[in-house]
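Per-entry structural report
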Amino acid sequence: MLTLSSSTGRPLGATIMRGLTRCAPALLSCAPALLLGAAMLTTAPHAEAATPTASQLQQLKQLPRAQQEQLARQYGVDLDSLSTSSSDNEQQNANTTPETPERIGGEQSQSDNIRHPGKASSQDDDTLKPFGYAFFDGKPASMASVDDLPLPSDYQIGPGDTLDIQVFGKENQQYDLTVKRDGNIHFPKYGPMQVAGETFGKVREQIKAMFEQRVIGVDVTVDIGAMRTMQVYLAGDVKQPGAYTVNGLTTVTQALLASGGIKTSGSLRDIQLKRNGKVIETLDLYDLLLAGDSSNDVRLLKGDTLFVPARGAQVAVEGEVLRPALYELNGPTTLASAINMAGGALPEGYLSSVSVKRVTESGIQQFSLDMSTSKGQAFTVKNGDDIKIAQSNDALDNAVVLRGEVVRQGAYNFEPGMTIADLVSNAQRDLKPTADLNYALVVREIDAERNIEVLQFKLGQAIDHPNSPDNLRLQQGDQVFVFNNGIDSQYWDQRQSAKVDKSRLNRKGNGGSYIDAETGAEVQSQTKQNESKLAKKLAERDDEGERSLREQELEPIIERLKDQANNQYNAAIVELGGAVKYPGVYPLPANASFEQLLDAAGGLTEAAYVKQAEISRRQVVEGRLTVRHYPVDLNKAIKGEGPQFAIHRQDRINIKTKPNWHKNNTIELQGEVRFPGVYAFERGETIQDVIERAGGLTEFAYPKGSVFSRERLKRQEEERLKMLNRQLQQEISSLALRRQTSSAQYTTSPSEALSLAEELQNAEAVGRMVISLPRALEGDDVANIMIENGDKLYVPPKNPVVSIMGEVQFTSNQLFEPSMTVSDYIESAGGTKQQADTDRIYVVRADGSVMMPNNSFWFSRSQKQLEPGDTIIVPIDTDYLDGLSTASTATQILYQMGVAWQAVKD
């Protein structure tokens, strides 16, 4: 502990506090006096510490913080340390034994930077650090009170210790005897007894023997009441050298911890304990850190000095060891011992060639030592050596690898003669339910450049028939790939019972009905909605071109085959397309056959045309690349009959589809047909054919109002709606820029018109096609069109109603009257509104066609008659300006003309 005093002998803290008390009302005027007192400070490293009282500190705290800091700067005192030292002095004044060694002198080191051999002074996180110094990192935890600690029997009694002696039995006495400076304790009745320098166990036995001789019938217990404090010194390469007050149980390591530890420039292997100028013990901290041996961690006595000399020889151990670090040597050290200090080599360490770099006068000398030999182990390392253990080769040795849809992926021990059946012996136990038993691969490296070849086999045949050619003989380093068969095992193999939708159980009948957005017909729901959603989702997935799982699994193998291609050899891959389950690019196995390649693609689909396939082959003829096509009888090629056509690298095999093949061509008939529903058909059938199969129309049918929807037209209509929406937005924007003036305003703002255009995006396409069902049923070749997959036909019942919509006073549905014209129906709806565009009134027929009335003979009786189900549309005039805007515009024009005329007259 650092104690400062004034020239008068008073403690510095008391002097400052008296100055603060006098100068608090007038700090600036008293500052010279305090400054004079500060000029007389001297250092007394061994004086008894004295600090301000609590009342003086309280007066200091009452001053503003700025004044406190100003006084502290003037007198060179740290406010935090002053408050801390006051609390420490309170404990010292209470005459208690320090719980931890307490520093009473010296200065704290501010710098601890050193340079290690071969290392830069500013080290990165990856740079090796000296071993063992982290033992002193952090603040030492507070120990429990000494009074509560059990006292060891070998504790050496010295002056200042207090013995607590209890006598009970015939006499009951208690003695608290302090060991005097002469080493004696003084019993009031029996006189002095020499105890200093003896162990606590021996003193205890000595006191008991004395009472047994002098007093009959008593028992005695002896304990330490208060332990002595003493002063020791720490010197050398410690972080905070100086004098420390410690208790009698303090050991060498405890004192070092109290000093903040050892600098990295200090030695951990030659810590010297000096007593009366002689070295009585040497501590090697590596014994404690590496072996847990604390036998040399002896207790300190009064006046002892701990000296930490400079660090000795040091070597660096890095690479594949447990604790890479810089290690200090203690005398001649072998390479094996240095590696053992680093925790030994890791399993992946390569011990057959350990690198040792040594700096010599002529340069860096390199040693490569085999640790499996006695010569390598006994190699003597020197100061500055850099020892590095490299990593062993991580390639698999004497193993084969099983990957893919297997229960236990990974490496397996290879044995000569090993086959596929030895690796996978049971399909139920070793394979996942999703494993493809008809297609598996062995990838084998064939040369030092690690080029590969691919062998194909049927896994099911190899397991069930070990003598078959599919049970391939494996080689060391082979990798066996088992692929997915495409079955959703998560669904089919789940053990949880299916959850029942209670809301469906509460429905009546078949679940109600819904309005078909494409035809407007009311249709019984059943499962139709779910079917359409599923079909739409599958169509979207096909449009996105999502790769199959097999393509994803094969991608690394395909890429590796492509990488090893060169000018002499093409990549060993083939492409299969057409009517196969998994079209795509596949490895070309050695001696491949058509059957093997079809197994790779998952086999043929039901649409495959087995009489003929086509092979497209790229060939170089006279330095020019050409593509030639070869027809193949697929049926014979699969059976192995006839001449076998060899498959070459990068061939493309196209499996053709059966002529006129279309799966699940259906049309849905709705409304007034005798047997509505979904009907399958063959290409070439017409509307008349399918209606006859459905029993014809009912007597309530209205053929002229039939609605026909086609899926192909629906997709076209969706694209046209998007294009129309874009054009409409551009037109509204350009019109707003062209027509916007200060005098003329729109009845509807362009922003509102744009919002209406945005609603067009939500309009659903129906794909309606205008047909004449009566003509089709009569066999008209033009009207009786061929049907396509996904068509819908809705035949409504008779509905004698004409609808009037648009800019009329009252939108309504009027009963059909043969004698009424378009104008009559508009008048019955209250007439047109002011913003109606009467020049563009049109009629939408019940069959979807549009009729534009003749403007020249609008009210003529010769106009084409309306029919039931027609709709009259009165559109809005987009150029309409209200009367106020028109009058305002006209007034402004007349005013400007008048001003101009007046100017001409003048």
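Our subject in this report is the structure included herewith. This one's a predicted model, so the numbers in the text were calculated from it and none came from an experiment.

What counts, and where the lines are drawn
- Residues numbered from 1 in each chain as written.
- Predicted model: local features only at pLDDT ≥ 70, side-chain atom pairs only at ≥ 80, totals over all residues.
- Heavy atoms only, no water.
- Helix = DSSP H or I, 4+ residues; strand = E, 2+ residues; numbered from the N terminus.
- Contact = heavy atoms within 4.5 Å.
- Areas by Shrake-Rupley, 256 points an atom, 1.4 Å probe, with all protein chains shown as cover.
- Pairing = 2+ DSSP bridges.
- Axes fitted to C-alpha atoms, helices over the stretch in contact; angles between N-to-C directions.
- Buried < 20%, exposed > 50% of the residue type's maximum accessible area, 1.4 Å probe, protein only.
- Expected span 1.5 Å × (residues − 1).
- Salt bridge = Lys/Arg side-chain N within 4 Å of Asp/Glu carboxyl O.
- Phe/Tyr/Trp six-rings, centres within 6.5 Å; stacked < 30°, edge-to-face > 60°.
- Lys NZ or Arg CZ within 6 Å of the ring centre and 35° of its normal.

Here we take up the overall build of the protein chain. The secondary structure content of the protein chain amounts to 25 helices and 42 strands. Restricting the contact set of the protein chain to residue pairs at least 6 apart, pairs at least 24 apart contribute 64%. Carbon and sulfur atoms form 49% of the exposed surface of the protein chain, whose accessible area is close to 53200 Å².

A word on the sheet that holds strand β25 (residues 479–484). If you walk across this open sheet you meet the five strands as β22-β21-β25-β23-β24, and the pairing is mixed. Of all the strands in the sheet, just β22 (410–413) and β24 (452–457) have a single pairing partner and so form its edges. Within this sheet the neighbouring strands show an average axis-to-axis angle of 25°, counted without direction. As judged from the five bridges shared by strand β23 (residues 435–445) and β25, these two strands associate in the antiparallel manner. Looking at β25, one finds that valine 443 is bridged to glutamine 479. Set on the sheet, helix α17 (residues 549–563) makes contact with β23, β24 and β25; between it and β25 the angle comes to about 150°.

Attention now goes to the environment of glutamine 206. Structurally, glutamine 206 can be placed in helix α6 (residues 200–214). With a relative accessible area of 30%, glutamine 206 lands in the partly exposed category. Sequence spacing of glutamine 206 and valine 195 is eleven residues, and the spatial spacing of their C-alpha atoms is 8.9 Å. When residues no more than four places from it in sequence are discounted, the contact partners of glutamine 206 are Met193 and Gln194.

Along its 15 residues, α6 runs 21 Å from first to last C-alpha, staying within 8% of the 21 Å computed at 1.5 Å per residue. Within α6, the full set of buried residues consists of Phe200, Gly201, Val203, Ile207, Met210 and Phe211. Lining the buried residues of α6 we find β4 (162–169), β5 (173–178), β6 (184–187), β7 (191–194) and β8 (218–226).

Attention shifts here to the sheet that holds strand β41 (residues 850–851). The strand order β39-β38-β42-β40-β41 describes an open sheet built from five strands, whose pairing is mixed. Either end of the sheet is taken by a strand with one partner, and the two such strands are β39 (812–815) and β41. Alignment of strand β38 (residues 801–806) against β39, held across four bridges, turns out to be antiparallel. Paired with isoleucine 804 across the two strands is serine 812, which belongs to β39.

Further remarks concern the side chain of asparagine 665. Here asparagine 665 shows up in the loop between β32 (652–657) and β33 (666–671). Residue classification places asparagine 665 among the buried residues on the basis of a relative accessible area of 10%.

A few words on the pattern of salt bridges. Taken as a whole, this structure holds 24 salt bridges when the rule is applied. Residues arginine 652 and glutamate 575 are paired through a salt bridge, measuring 3.7 Å at the closest nitrogen-oxygen approach. Taken together, the residues arginine 652 in strand β32 and glutamate 575 in strand β28 (residues 573–578) connect sequence positions 77 residues apart. Owing to a relative accessible area of 33%, glutamate 575 belongs among the partly exposed residues under this scheme.

Following the criterion strictly, the structure yields twelve aromatic pairs and no others. Arranged with centres 5.4 Å apart and planes meeting at 90°, the rings of phenylalanine 131 and tyrosine 286 form a pair that is edge-to-face. Taken together, the residues span a long stretch of sequence, with phenylalanine 131 in the loop between β3 (102–103) and β4 and tyrosine 286 in helix α8 (residues 285–291) at a distance of 155 residues. Overall, phenylalanine 131 belongs to the buried group, its relative accessible area being 13%. Tyrosine 286 gets classed as buried once you look at its relative accessible area, which sits at 2%. Ring plane angle 45° and centroid distance 6.2 Å describe the contact between tyrosine 175 and phenylalanine 211, whose orientation is recorded as tilted. With tyrosine 175 in strand β5 and phenylalanine 211 in helix α6, this residue pair connects regions lying 36 residues apart in the sequence. For tyrosine 175, a relative accessible area of 7% corresponds to the buried category. Overall, phenylalanine 211 belongs to the buried group, its relative accessible area being 1%. The lysine or arginine in question, lysine 274, covers the ring of phenylalanine 307, its NZ or CZ lying 4.9 Å from the ring centre.

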